[in-house]
Amino acid sequence: SALQISLLAAWGCALLAAVSVAGLLWGVVKLSERRAAFVSAVTHELRTPLTTFQMYAEMLSDGMVTEPAQQKEYLATLRRESARLIHLVENVLSYARLERGRGRRRTQRLRVGQLLERAGARLGDRARQANMELQISAPDSIASEVVCTDPGAVEQILFNLVDNACKYAAAATDRRIHLDLRLQTDWFELEVRDHGPGVGGAVARRLFRPFTKSAHEAAESAPGVGLGLALSRRLARQLGGELRLDASMRDGAA
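Residues numbered from 1 in each chain as written. Predicted model: local features only at pLDDT ≥ 70, side-chain atom pairs only at ≥ 80, totals over all residues. Heavy atoms only, no water.

J.: Would you mind going over the layout of surface pockets in detail, with residue names and values included?
T.: Quantified by volume, the second largest pocket comes out at close to 840 Å³. Forming the boundary of the second largest pocket are 25 residues, of which Phe188, Glu189, Leu190, Gly241 and Glu242 lie nearest the centre. Only helix H3 (112-129), strand S3 (146-149), helix H5 (151-168) and strand S5 (188-193) provide two or more residues apiece to the lining of the second largest pocket. Its residues placed into classes, the lining of the second largest pocket shows 17 nonpolar, three polar and five charged. (1 Å grid on protein atoms, 1.4 Å probe; cavity = no way out; pocket = protein on both sides within 12 Å on 5 of 7 lines; lining within 4 Å. Points joined across faces, edges and corners; volume = space filled by probe spheres on them. Helix = DSSP H or I, 4+ residues; strand = E, 2+ residues; numbered from the N terminus. Nonpolar A, V, L, I, M, F, W, Y, C, P; charged D, E, K, R; others polar.)

J.: Got a sec to walk through the pairing of strand S4 (residues 176-183)? Specific residues and values, please.
T.: In this structure, strand S2 (residues 133-137) lies alongside S4, joined through five bridges in parallel fashion. Residue leucine 134 lies in a different strand from S4, and its bridge partner there is isoleucine 177. Summarising the sheet, S4 and S5 pair through six bridges and their orientation is antiparallel. Its bridge partner lying in S5, leucine 183 is registered against phenylalanine 188. In textbook terms, the turn of a hairpin is the stretch between consecutive antiparallel strands, and for S4 and S5 this stretch comprises four residues. (Pairing = 2+ DSSP bridges.)

J.: Give me the lowdown on helix H8 (residues 228-238), citing residues and values where you can.
T.: Here H8 lies mainly inside the structure; eight of its eleven residues are buried. Within the sequence span of H8, burial applies to Gly228, Leu229, Ala230, Leu231, Ser232, Arg233, Leu235 and Ala236. The first or second residue beyond H8 is glycine 240, which carries a positive phi of 85°. (Buried < 20%, exposed > 50% of the residue type's maximum accessible area, 1.4 Å probe, protein only.)

J.: Quick one: what's the story with the sheet that holds S4, residue by residue and with numbers?
T.: The three strands are arranged S2-S4-S5 in an open sheet whose pairing can be described as mixed. Unpaired on one side and paired on the other, S2 and S5 mark the two borders of the sheet. Averaged over all neighbouring strand pairs, the angle between strand axes comes to 15°, with direction disregarded. Across the face of the sheet, H3 comes into contact with S2, S4 and S5 while running at roughly 165° to S2. Against the sheet, H5 makes contact with S2, S4 and S5, and its axis sits at roughly 25° relative to S5, the strand it touches most. (Axes fitted to C-alpha atoms, helices over the stretch in contact; angles between N-to-C directions. Contact = heavy atoms within 4.5 Å.)

See the structure below:
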């Protein structure tokens, strides 16, 4: 009857609503768990360099390190740890701005060669800290082309990729990190490639997800909180581009 049909439709709608609410609640709980794990990982990553800072600073200020070579080594360690802290805070603040919708880009027109030159010094310094070599390949015909983009965002994306290569390809025999520039039909392609072990299927599926690295994983794997690639993809898309993993290559490439 019409009444029965109406009751069935009402129960169906109620069931769908219950399923939708349950799915929403499950998503909220999972996101909360991931963010809690992220906060724990950030805390772990902050504690390590800060402990090093305190210990080395106290030893230097108390005159416990008198050999010039050892003093130089300690100061180099403090410099590396400060750069690590700056990189971590930079990523967290940038992602927070994007989450709040305040990550507006400041675009400007410049040659591709200028863009790589601006980022190259910082990227090369990061590679040298890991005893690796950054090799930039940019044909003159392409480097002279003009683009309109945010150079700061591009540098942050490239730094995250090179930083990952330094950390996860640290045991590679080939110490080179390649930054290659190519011109496609109507867009440019920047590829960062190392000679590390690459990325497995299970890891690749959550590679660009934020808040996926727990404190335990941060302690057991390379330093980091698992936010750099998620941030880099969002920055790339905000600039009208895309960031992806090239799984077809034997070595790691993004």
